[in-house]
Amino acid sequence: MDGRPAILSEARRILIRDVLHTYTRWQVIALLFLGFSAGLPFLLVFSTLNARLADVGVETATIGFFSWLGMTYSIKVFWAPVVDRLRLPLLDRLLGKRRSWILLAQAGIATGLYAMAQVDAVAHPERLALWGLLVAFSSATQDIGIDAYRIEIAEERLQAALAATYIFGYRLALLVAGAGALYLAEFWSWQVSYETMAVLVGVGMLTILVAREPAVNHYAVAGDIAHHIEREAARRADLPPRLARLAGWFYAAVAGPFLDFFQRYRELALAILALVALYRVSDIAMGVMANPFYLNFLGFTKTQVADVTKVFGFFMTIGGSLLGGVLVVRYGVRRVLLAGAVMTAATNLLFVLLAQYPPNIVTLALVVSADNLSGGIANVALIAWLSGMTSASFTATQYALFSSLMTLPGKFLGGFSGLLVEAFGYAGFFTMSALMGGPAILLVLFLMRRGRRLDTLAPDPVVRQERS
């Protein structure tokens, strides 16, 4: 008993040391600001833009059409191969491939936001939509570049910490582009609001100018594929050298990422993709019915729900993300991936208990805290694991594929959540959402038992500028 305070003090000292060692690295700090840069334009072409349109009297039907801008983020995988393979003239020599693409995208975001500030939304909604499309397209392109940059500037064990600070910066940007933009519009004007947001893009531009370019050979595998196709096209199709070279480049850019993945992971490829698709199903499907559960079933007010889930929940998610980053560094990504899958499913069962008892704001806060904390840990573990699965030759395209796949099944199944609540009640629905986490847990265990096999099939370690 006498030695327990000393043990606790030593454990606390080790935890603080691990946190400081992890979160004071330049790569981790850079991702905080790049996360802010990625999150800033998102709401400015979504809910904040909708608020602007409604505020100035644009017709409701027209506002609905503006939601199509969001489709840009869902189809970014189609032009990710260009970001992976195309060198930008001049900028590539000055900054390198990743930073040059990110800077170009940021310039497009700033230009689009400033132009949106100058447009009369009532008189010229189509012009506003075109500039909004530039912002959305540039923002999605920036996401592709930043994801690839994050994966390439540090080894796998640091990816969860990079994801944690990226998420923190992203969520801060959502506050700025959401509440901040509305405050500016209320006290000044929408023009001032969007002009201010355009200036804030400079945070990301300055970061990318002072950060380092990853020292990664992006062209080794892709170049081999391109040369092979070029030779085959010239020999079999009798194409001129220039067209044969173009065919090789196109095939390597589009088909290369998928060929590389399936040839590398072979019999485990489908299991990996299944885990990517199913890992967040439990969490996403449950989240669709969360607010109706709080408001309609439990009877909490909108203010109470906002205080607990948006404000308090925000800090718990960030805390879970930061904790997940430290745990991955200390215990490895696969163990934390398993813990995240178990915790996500288990916390859904807490909502079953919440549905059995009279509403209590303290109980709600505890359940939401556990749910957001586990969600933060699971999310950064998944991002870190997927980051280690990408090849240096196809980082942007392969991760864009993963990031699209990781949310699509959950969103699809979430569409049926209302029918399940009507048929089985909220307690039954949350029980089923917890059970949806079972396949992900089994897949993690399956892949953990084949850890050595995965390690032998993983991409070759890339040469980086700094490993410490």
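Placed above this text is the structure.
Small disclaimer: the values here were computed from a predicted structure and weren't measured.

## What to know about the pattern of salt bridges
Item 1. Scanning the entire structure with this criterion turns up 5 salt bridges.
Item 2. A salt bridge links Arg 87 to Asp 92; its shortest N-O distance comes to 3.6 Å.
Item 3. We classify Arg 87 as partly exposed; its relative accessible area is 48%.
Item 4. Overall, Asp 92 belongs to the buried group, its relative accessible area being 13%.
Item 5. A salt bridge links Arg 99 to Glu 213, with the shortest nitrogen-to-oxygen separation between them at 3.6 Å. You can see Arg 99 sitting in helix H8 (residues 97–118) and its partner Glu 213 sitting in the loop between helix H12 (202–210) and helix H13 (220–236), a full 114 residues away along the chain.

## Here we look at helix H3 (residues 47–55)
Item 1. Those residues of H3 that fall on the buried side of the exposure criterion are Thr 48, Leu 49, Arg 52 and Leu 53. Considered in projection along H3, the buried side chains sweep an arc of 140° and stay on one side of the axis.
Item 2. Looking at the residues trailing H3, positive phi occurs at Gly 57, about 95°.

## Side note on the nonpolar core
Most often, soluble globular proteins have nonpolar side chains that are buried together.
Item 1. Within the largest apolar cluster, 63 residues are counted, with the highest numbers of intra-cluster contacts made by Ile 272, Leu 275, Tyr 279, Leu 337, Trp 385, Leu 386 and Leu 447.
Item 2. Setting aside its immediate chain neighbours within four residues, Leu 275 contacts Leu 337, Trp 385, Ala 440, Leu 443, Val 444 and Leu 447.
Item 3. If you look at the next biggest cluster of nonpolar residues, it comprises 43 residues, including Val 45, Val 119, Trp 190 and Val 201.

## Some words on the packing of aromatic side chains
Item 1. Applying the stated criterion across every chain yields a total of 14 aromatic pairs.
Item 2. Judged by centre distance (4.9 Å) and plane angle (75°), the rings of Phe 293 and Phe 430 are edge-to-face. With Phe 293 in helix H18 (residues 290–297) and Phe 430 in helix H24 (residues 417–435), the pair connects residues that are 137 residues apart, well separated along the chain. The pair Phe 293 / Phe 430 is uniform in exposure class, with both members buried.
Item 3. Between Tyr 294 and Phe 351, the aromatic rings sit 6.5 Å apart at their centres with planes inclined by 35°, giving tilted as the arrangement. Note that Tyr 294 is positioned in helix H18 and Phe 351 in helix H20 (residues 333–354), a separation of 57 residues in sequence. Here Tyr 294 matches Phe 351 in class, with each residue buried.

Calculation criteria
- Residues numbered from 1 in each chain as written.
- Predicted model: local features only at pLDDT ≥ 70, side-chain atom pairs only at ≥ 80, totals over all residues.
- Heavy atoms only, no water.
- Salt bridge = Lys/Arg side-chain N within 4 Å of Asp/Glu carboxyl O.
- Buried < 20%, exposed > 50% of the residue type's maximum accessible area, 1.4 Å probe, protein only.
- Helix = DSSP H or I, 4+ residues; strand = E, 2+ residues; numbered from the N terminus.
- Arc of directions from axis to C-beta.
- Core = buried A, V, L, I, M, F, W, Y, C linked by side-chain atoms within 4.5 Å.
- Contact = heavy atoms within 4.5 Å.
- Phe/Tyr/Trp six-rings, centres within 6.5 Å; stacked < 30°, edge-to-face > 60°.

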